[in-house]
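Survey of secondary and tertiary structure
If you want the building blocks of each chain, they are given just below.
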Amino acid sequence: EILNKWKKDMQLKNVKLVSDYQGLISSEYASNSGFGYFNRTLFIIDKTGKISYIDWNYSVDDKDFGIVQDHLAMLAEK
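Our subject in this report is the structure included herewith.

Analysis parameters
- Residues numbered from 1 in each chain as written.
- Predicted model: local features only at pLDDT ≥ 70, side-chain atom pairs only at ≥ 80, totals over all residues.
- Heavy atoms only, no water.
- Core = buried A, V, L, I, M, F, W, Y, C linked by side-chain atoms within 4.5 Å.
- Buried < 20%, exposed > 50% of the residue type's maximum accessible area, 1.4 Å probe, protein only.
- Helix = DSSP H or I, 4+ residues; strand = E, 2+ residues; numbered from the N terminus.
- Contact = heavy atoms within 4.5 Å.
- Phe/Tyr/Trp six-rings, centres within 6.5 Å; stacked < 30°, edge-to-face > 60°.
- 1 Å grid on protein atoms, 1.4 Å probe; cavity = no way out; pocket = protein on both sides within 12 Å on 5 of 7 lines; lining within 4 Å.
- Points joined across faces, edges and corners; volume = space filled by probe spheres on them.
- Nonpolar A, V, L, I, M, F, W, Y, C, P; charged D, E, K, R; others polar.

It is worth spelling out the nonpolar core at this point. Among the nonpolar cores identified, the biggest contains nine residues, and these are L12, V15, L42, I44, Y53, Y58, F65, V68 and L75. When residues of this core are traced back to their parent elements, those giving at least two are strand 1 (42–45) and helix 3 (62–77). Counting residues per element, this core draws most heavily on helix 3, at three residues. Ignoring any residue separated from it by four or fewer positions in sequence, one finds V68 in contact with L42, I44, Y53 and Y58.

And the structure:
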């Protein structure tokens, strides 16, 4: 529900958001800290299934979100 609200508020279209509540994806990609918790990592996967962008320590702020928006716009142009 939180991701759906965020997606709507940010007016993101053609984007699928996934939460990794059980840490399966985080474990697979070693996205964890040395303290036993998982970092907020953002992966953008393009239409071909290739990872086109990774932010290993994503912050929910205007700077990081601006980078994400720019990258999504670039992908949309392809």
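This part is about unusual backbone geometry. Unlike most non-glycine residues, A30 shows phi in positive territory, near 55°. The residue A30 is located in the loop between helix 2 (24–28) and strand 1 in this model.

Using the criterion set out here, one finds two aromatic pairs in the structure. Taken together, a centroid distance of 5.0 Å and an interplanar angle of 50° make the contact between Y29 and F43 tilted. Placement of the pair is Y29 in the loop between helix 2 and strand 1 and F43 in strand 1, with a sequence separation of 14 residues. Overall, the relative accessible area of 41% leaves Y29 in the partly exposed class. Residue F43 is classed as partly exposed on the basis of its relative accessible area, which comes to 23%. With 5.7 Å between their ring centres and 80° between their planes, F43 and W56 make a pair best called edge-to-face. Of this pair, F43 sits in strand 1 while W56 is found in the loop between strand 2 (51–55) and helix 3, placing the two residues 13 residues apart along the sequence.

A few words on the layout of surface pockets. Size it by volume and the largest pocket reaches roughly 1600 Å³. Residue assignment for the lining of the largest pocket shows that the elements contributing at least two residues are helix 1 (2–9), helix 2, strand 1 and helix 3. Top contributing element to the lining of the largest pocket by residue count: helix 3, with six residues. When its residues are assigned to classes, the lining of the largest pocket shows 24 nonpolar, ten polar and seven charged.

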